[in-house]
Amino acid sequence: MSQLYGLAIFTVSLAALIWFTLSSDNRLKGVSTFLLVMAVISAPTLNQEWARMTSELIDDEGNSHNGLPDIWLGKQVVCVDFPVGAAHSDYADGRHYIDYDGTDFMTEMEFNGTGACVGGLSGYEDGLGMMLNATDIAEGDLEVVYSTSQYGVMIETIGGVDPCDYHTCSSTQGAYWSLYHNNAWAMVGIGDLVLDEDSVLEWKIETW
Amino acid sequence: MLGAHAIDIGPVGMLAINIALLSLVGWALLRAERGLPDGREWTLLAMLAIFGIFGRVLLEPLPNIQPVTVLVLVVGMQMGAKRAIALATVIALGSNLIMGHGIWTLYQALGWSLVGCLGAYAAPHLTSMPRIAGIAALSGVLFDWVISLSILHTLGSGMLPAYILAGIPYDMLHALGNLFFAAWLASPLVEMMERHQTVHLEATENVPVTA
C-alpha cells in the first residue's frame, strides 16, 4: 500500500506541475495524457491492490479453499493454526492472510483461533518445497524446524511453537504438528506430499 | 487477436503498431472529411463509425481504453440521441464481429446509447471543454455499470455489488481514457459535426466549445 501512496503523491504532484506549466489551451490535453500513461503503467499494481482490498472469504463447505480469500481460488496455500495460548506475537489478533509477495493484506478477527496463511502460490509440486518457501515469504515469522529420519521429514516447530510446550509429551502421550491437505488428513508426510495446482496445506497441533 | 506471425514483437510493440495504424486511419478519415461538401451528415457518421470500430479493435490491448464513448457522447451532444444510438449500435456490432459477438453486444449498444442520450440531454450545459471532459469521464463509469448488468444472466443479483466493486479500477481507466479522448478529440469533432449537421437541434443551438 505504501508504494501506492507514493505513486499517487508523485502522480498528483507531476500533474499539478504540468497543469501550471502549460497554457490554458493545452492543460487538459497535457494532464489527461500524463494521467492516462501513469494509469496504464500502474494498472497491474492497482488491480492487484484493489483485489486484495476488496477480497472476501470463500463460503463454500465443499471447496478446499473454503474460508480463504477469493483471490486465492485456484492457487496454492499454506496455513498454520496456532494453539490457544500459543499465539505467535505477529499473528495474535486472528488469522492473517499473506499474499505471495509478502503483503499481509487481511486479518480475520472472527477466526476461531490465531494463525497465518500464505497463499497465491503456484507451480509447486512437492509439499516441503512449498512449505519452506511460504515460510520465507512470511519473513521468518513462520520459520520451520524439522528433522529427517528413516520415516521421512518430521516437523518439530513452526514459528517457534513446539507442540510439547503446550501438551504433555511422554512415552504414552504426545502432541505433534498435524498436516491436512485439501481439508483431509494427509496420508503421507510433508516430505512425500505431491501437490495439486490448487492445494491447500493446513498445519494444526493434535495429540495422541 | 492481431498476431505478428513469425516475428516476436511483444505486447508493447504490437500496441505501438496498433496506435500507428489507428493514427493512420484517423488521419485518412480526417483528410477525406475535409474534401466532403458541407451537409454530409450520414457520411460523417459512417466515417465516425469506422474510426470507432477501428479504435476499439486496435486499442484492445489497453484495458478499457477506447474512443467510442467520447465519439458517441459528442454525437449525442451535437446531432441528437437518435443518431448517437445508431452510431453506438453500429460500432458495438461492427467491432464485435471482430472481437467476438454475444449477449454483451446488446449491453454495449445499450450502454453507449445511454451515453449518447446523456450527451443529447446535457448538451445545453456542455459549453466548455472541462465540462465535456468531466461528463465524458462520468460516461465511462455509467457505461461500465450498464455492461455489468450482463452478469445477471449468469450470476445472481446478490453478486452485482461485488462485481461492480471489483471493477472500479477498470472504471477508473475508462474514465481517464475518456478524459484523454475528450481533451484531444472533442473540439475537432464538434467542428466537423457543425459543418455537416443537417438538423439543427434546438437544445444545442450549436454552442461553440471553448477550452
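Colleague: Sorry, what's going on with the overall build of chain B here?
Modeller: When its secondary structure is counted, chain B shows eight helices and zero strands. Seen in sequence order, chain B has helices and strands lined up from the N terminus as α-α-α-α-α-α-α-α. Here chain B has a C-alpha radius of gyration of 17 Å; the compact-globule value for 211 residues is 17 Å, and the two agree. In terms of overall dimensions, chain B has C-alpha extents of about 45 × 45 × 30 Å along its principal axes. By residue count, 49% of the 211 residues in chain B fall in the buried class. Per element, the accessible surface of chain B, about 10100 Å² overall, is 71% carbon and sulfur. Counting 8 positive and 11 negative side-chain charges, chain B places the averaged centre of each group 6 Å from the other.

Colleague: Would you explain helix α3 (residues 68–79) of chain B in this entry?
Modeller: Residues and elements named next belong to chain B. Between its first and last C-alpha, α3 extends 16 Å over twelve residues, near the 16 Å set by a 1.5 Å rise per residue. The set of residues buried in α3 consists of Val68, Thr69, Val70, Leu71, Val72, Leu73, Val74, Val75, Gly76, Met77, Gln78 and Met79. Count one or two residues on from α3 and you reach Gly80, which has phi positive near 100°.

Colleague: Before we go on, may I ask you to explain the confidence of the model for chain B in this structure?
Modeller: Looking at chain B, pLDDT values average 89 and 91% of them are 70 or higher. In the predicted complex, the global pTM is 0.80; the interface-specific ipTM is 0.84.

Colleague: Looking at this structure, how should I read the packing of helix α5 (residues 103–122) of chain B against helix α6 (residues 129–148) of chain B?
Modeller: Pairs of packed helices are described in terms of their axes, by the angle between the two and the distance that separates them. Residues and elements named next belong to chain B. At their nearest, the axes of α5 and α6 sit 9 Å apart, and the two run at 150° to each other. Where α5 crosses over α6, the handedness of that crossing is right-handed. Where α5 abuts α6, its residues Tyr107, Gln108, Leu110, Gly111, Trp112, Leu114, Val115, Leu118 and Ala122 lie against Ile135, Ser139, Leu142, Phe143, Val146 and Ile147. When the residues that make up the contact of α5 with α6 are grouped by side-chain class, the tally is twelve nonpolar, three polar and no charged.

Colleague: Help me out: how do you make sense of the interface of chain B and chain A in this one?
Modeller: Interface size is commonly expressed as the accessible surface area that is lost when the partners come together. Taken together, the contact pairs 19 residues of chain B with 14 residues of chain A. Around 1500 Å² of area is buried between chain B and chain A when both sides are counted, 82% of it from carbon and sulfur atoms. Between the two partners, chain B and chain A, sit zero salt bridges. Counting across the interface, chain B meets chain A through three residue pairs in polar contact (both at pLDDT 80 or more). Counting residues per element, the ones that place at least two in the side of chain B that touches chain A are α6, α7 (160–166) and α8 (168–196) of chain B. In terms of residues, the side of chain B that touches chain A owes the most to one element, α8(B), which gives eleven residues. Among the residues making up the side of chain B that touches chain A, the classes are represented as 18 nonpolar, one polar and no charged.

Colleague: How should the packing of aromatic side chains be read in this particular structure?
Modeller: Residue and element names in this part refer to chain A. Taken as a whole, this structure holds six aromatic pairs over all chains when the rule is applied. Centroid distance Trp72 to Tyr97: 5.9 Å. Interplanar angle 65°. Geometry classified as edge-to-face. In this pair, Trp72 is assigned in the loop between α2 (27–53) and β1 (76–82) and Tyr97 in strand β2 (residues 95–98), connecting sequence segments 25 residues apart. When its relative accessible area of 1% is taken as the criterion, Trp72 is described as buried. Centre to centre, the rings of Trp72 and Phe105 are 5.7 Å apart; their planes meet at 80°, and the pair counts as edge-to-face.

Each value, and the rule that gives it
- Residues numbered from 1 in each chain as written.
- Chains lettered and ligands numbered in written order.
- Predicted model: local features only at pLDDT ≥ 70, side-chain atom pairs only at ≥ 80, totals over all residues.
- Heavy atoms only, no water.
- Helix = DSSP H or I, 4+ residues; strand = E, 2+ residues; numbered from the N terminus.
- Rg over C-alpha atoms; globule rule 2.2 N^0.38 Å.
- Buried < 20%, exposed > 50% of the residue type's maximum accessible area, 1.4 Å probe, protein only.
- Areas by Shrake-Rupley, 256 points an atom, 1.4 Å probe, with all protein chains shown as cover.
- Lys, Arg positive; Asp, Glu negative; His and termini not counted.
- Charge placed at Lys NZ, Arg CZ, Asp CG, Glu CD.
- Expected span 1.5 Å × (residues − 1).
- pLDDT = per-residue confidence, 0-100.
- Axes fitted to C-alpha atoms, helices over the stretch in contact; angles between N-to-C directions.
- Left-handed = near helix turned anticlockwise from the far one by under 90°.
- Contact = heavy atoms within 4.5 Å.
- Nonpolar A, V, L, I, M, F, W, Y, C, P; charged D, E, K, R; others polar.
- Buried area = accessible area lost by both parts, 1.4 Å probe.
- Salt bridge = Lys/Arg side-chain N within 4 Å of Asp/Glu carboxyl O.
- Polar contact = N/O pair within 3.5 Å; in protein donor to acceptor, adjacent residues only side chain to side chain.
- Phe/Tyr/Trp six-rings, centres within 6.5 Å; stacked < 30°, edge-to-face > 60°.

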